[in-house]
Amino acid sequence: MTGPLGDRSWPDVAKGGLVLVPLGSTEQHGPHLPLSTDTVIARAVAERAAALLPGAPPVAPAIPYGASGEHAGFPGTVSLGGEALRAVLVEAVRSLVLWAGRVAFVNGHGGNGATLTAAVRALRREGHDVVWTACRVPGGDAHAGVTETSLMLHLAPELVLTERAVPGDRRPLSVLMPRLRTDGVRAVSPTGVLGDPTGASADQGLRTLRALASDVAGRLTAWRVDDTGRLLR
C-alpha cells in the first residue's frame, strides 16, 4: 500500500525503509495567508517528492508547530521554542527508527533550521540515519510574499484572502535579520509580510512546487549529508 503513513494500518507499513516527516509551523503569514502555510507547503513538498522516489516512501503526519518566536507579536502564532521542538524531533526519530531504516525531515519554516541542526546532529551521533532538508526557493522572498502566496494559491486557494494581500518590507533578509532577531517581525513589518505578494499566481505556485519536490527527491536519492545533517544536492 502507498499513501500517507497516517492513512495506513500497521500491516501495510514496511519495515526498514525511508520515512519523510514534514515540519512546519503555526504562525502569522500576513493578513492574507493562513497560519498553517508552512505546514501545508512542507506536507505537499514531502508528498510530491515521495511520489518521485522508488516505492513511494510514506510521509508521516506533519508536525504543525515549530520555533516561531519572532512572530510572537501576532495573534494566532503558536511557538514551541527551540528546546521543546528539539525534544519533539529527537523523540519522534527514536520512535520511528524502531521500524524505519531512514528518516528525513522536510522543513517548511526557516526558523526551525537551528533546532533541526542540533537535533539531527545529536541523533546521528546516536547512530540513527536521519537527515533534514528545506523547502527553499532560490531567489524567493522571505515571508508571506509572492513565493509562499503563489504556492498557497495552488495548494489551498480557498484559504488565501487575495483582497488583503499587500506588500511588506522588501529588503533582503540579510539586512532585516539583526532587527528580526532582537525585536521580532512586527517591529520590521506591521502586516507581517516580508516581500511582496502582489502578482502571485497558482501557475507560479505549481511550477515552484514541482521544482521544490524535484530538488528534495534528488537530495534524498543522493543521500549526501553535510556536517549539520542537511542533505546536499
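Here is a short report on the structure shown in this document. Per chain, residue numbering runs from 1 following the sequence as it is written. Reporting in this predicted model follows two pLDDT cut-offs: at least 70 for local features of residues, and 80 or more for side-chain atom pairs to be given and counted; totals over whole chains, interfaces and linings ignore these cut-offs and use all residues. Side-chain descriptors were evaluated using all non-hydrogen atoms of the structure, hydrogens and water having been removed beforehand.

### What to know about the pairing of strand S2 (residues 102–107)
It is a general feature of regular strands that their side chains alternate between the two faces of the sheet. The classification of residues rests on relative accessible area computed with a 1.4 Å probe and restricted to protein chains. Under 20% of the type maximum is buried, over 50% is exposed, and intermediate values are partly exposed. Under the DSSP-based scheme used, a helix requires at least four consecutive residues in state H or I and a strand at least two consecutive residues in state E, with every element numbered from the N terminus. Summarising burial for S2: 5 of the 6 residues are buried, a large majority. Here 6 bridges tie strand S1 (residues 18–23) to S2, and the two strands are oriented parallel to one another. Note on S2: the bridge partner recorded for Leu 18 is Arg 102. Summarising the sheet, S2 and strand S3 (residues 130–134) pair through 5 bridges and their orientation is parallel. Across the sheet, the residue bridging to Asn 107 is Ala 134, located in S3. The criterion for strand pairing is that DSSP finds at least two bridges linking the strands in question.

### Comments concerning the packing of aromatic side chains
Within 6.5 Å between ring centres, the rings of Phe, Tyr and Trp (the latter by its six-membered ring) count as paired, and their orientation is classed by plane angle as stacked under 30 degrees, edge-to-face over 60, tilted in between. Summed over all chains, the structure comprises 0 aromatic pairs. Over the ring of Trp 223 we find Arg 102; its NZ or CZ atom is 4.2 Å from the centre of that ring. Counted as over-ring charges are cases with an Arg CZ or a Lys NZ within 6 Å of the ring centre that also lie within 35 degrees of the ring normal. Note that Arg 186 overlies the ring of Phe 74, its terminal NZ or CZ placed 4.7 Å from the centroid.

### A look at the layout of surface pockets
A 1.4 Å probe that fits but cannot get out identifies a cavity on a 1 Å grid over protein atoms alone, an open set with protein on both sides within 12 Å along at least five of seven lines counts as a pocket, and a residue lines either if it has an atom within 4 Å of a point. Grid points are joined across faces, edges and corners, and a volume is the space filled by probe spheres set on the points. When its volume is computed, the largest pocket comes out at roughly 1,100 Å³. Taken together, 38 residues make up the lining of the largest pocket; nearest its centre are His 109, Gly 110, Gly 111, Ala 142 and Leu 173. Secondary structure elements with two or more residues in the lining of the largest pocket: helix H1 (37–51), S3, helix H4 (146–155) and helix H5 (173–183). Residue contributions to the lining of the largest pocket peak at 5 residues, all from H5. Among the residues making up the lining of the largest pocket, the classes are represented as 14 nonpolar, 13 polar and 11 charged. Under the grouping applied here, Gly and all other residues not named as nonpolar or charged are polar, the nonpolar ones being Ala, Val, Leu, Ile, Met, Phe, Trp, Tyr, Cys and Pro and the charged ones Asp, Glu, Lys and Arg.

### Observations concerning the environment of Met 177
Among the secondary structure elements, Met 177 is positioned in helix H5. Exposure remark for Met 177: the relative accessible area of 24% places this residue in the partly exposed category. Between the C-alpha atoms of Met 177 and Val 90, which are 87 residues apart in sequence, the distance is 28 Å.

### Let's talk about the nonpolar core
Looking at soluble globular proteins, one finds that nonpolar side chains tend to be buried together. Leu 20, Val 45, Val 106, Met 152, Leu 220 and Trp 223 are the most contacted members of the largest nonpolar core, which has 32 residues in total. Among the elements of the structure, S1, H1, S2, H4 and helix H7 (202–222) are those that each provide at least two residues to this core. Residue contributions to this core peak at 7 residues, all from H1. Counting residues in each nonpolar core, the second largest holds 22 residues, with Leu 5, Ala 67, Leu 85 and Leu 89 among its members. Here the nonpolar core consists of buried residues drawn from Ala, Val, Leu, Ile, Met, Phe, Trp, Tyr and Cys, with membership extended through side-chain atoms lying within 4.5 Å.

### Comments concerning the pairing of S3
Of all 5 residues making up S3, 5 are buried, and the element is well covered by its neighbours. Alternating positions in S3 separate into two faces, Val 130, Trp 132 and Ala 134 on one and Val 131 and Thr 133 on the other, with burial throughout. Between the parallel pair S2 and S3, the chain is carried across by helix H3 (residues 113–125), and the sense of this crossover is right-handed. Here is how to tell: hold the view so the strands point away, follow the path from the first strand over the helix to the second, and if it runs clockwise the crossover is right-handed.

### Details of the sheet that holds S1
Spatial strand order, S1-S2-S3: 3 strands in an open sheet with parallel pairing. One side of each edge strand has no neighbouring strand; the edge strands of this open sheet are S1 and S3. With strand direction ignored, the average angle separating the axes of adjacent strands in the sheet is 20 degrees. Seen against the sheet, H1 touches S1 and S2 and runs at an angle of roughly 160 degrees to S1. Against the sheet, H7 makes contact with S1, S2 and S3, and its axis sits at roughly 155 degrees relative to S3, the strand it touches most. Axis geometry follows a simple rule: fit a line to the C-alpha atoms, using only the stretch in contact for helices, then measure angles between N-to-C directions, giving values from 0 to 180 degrees. The contact rule is simple, with two residues in contact once any of their heavy atoms fall within 4.5 Å.

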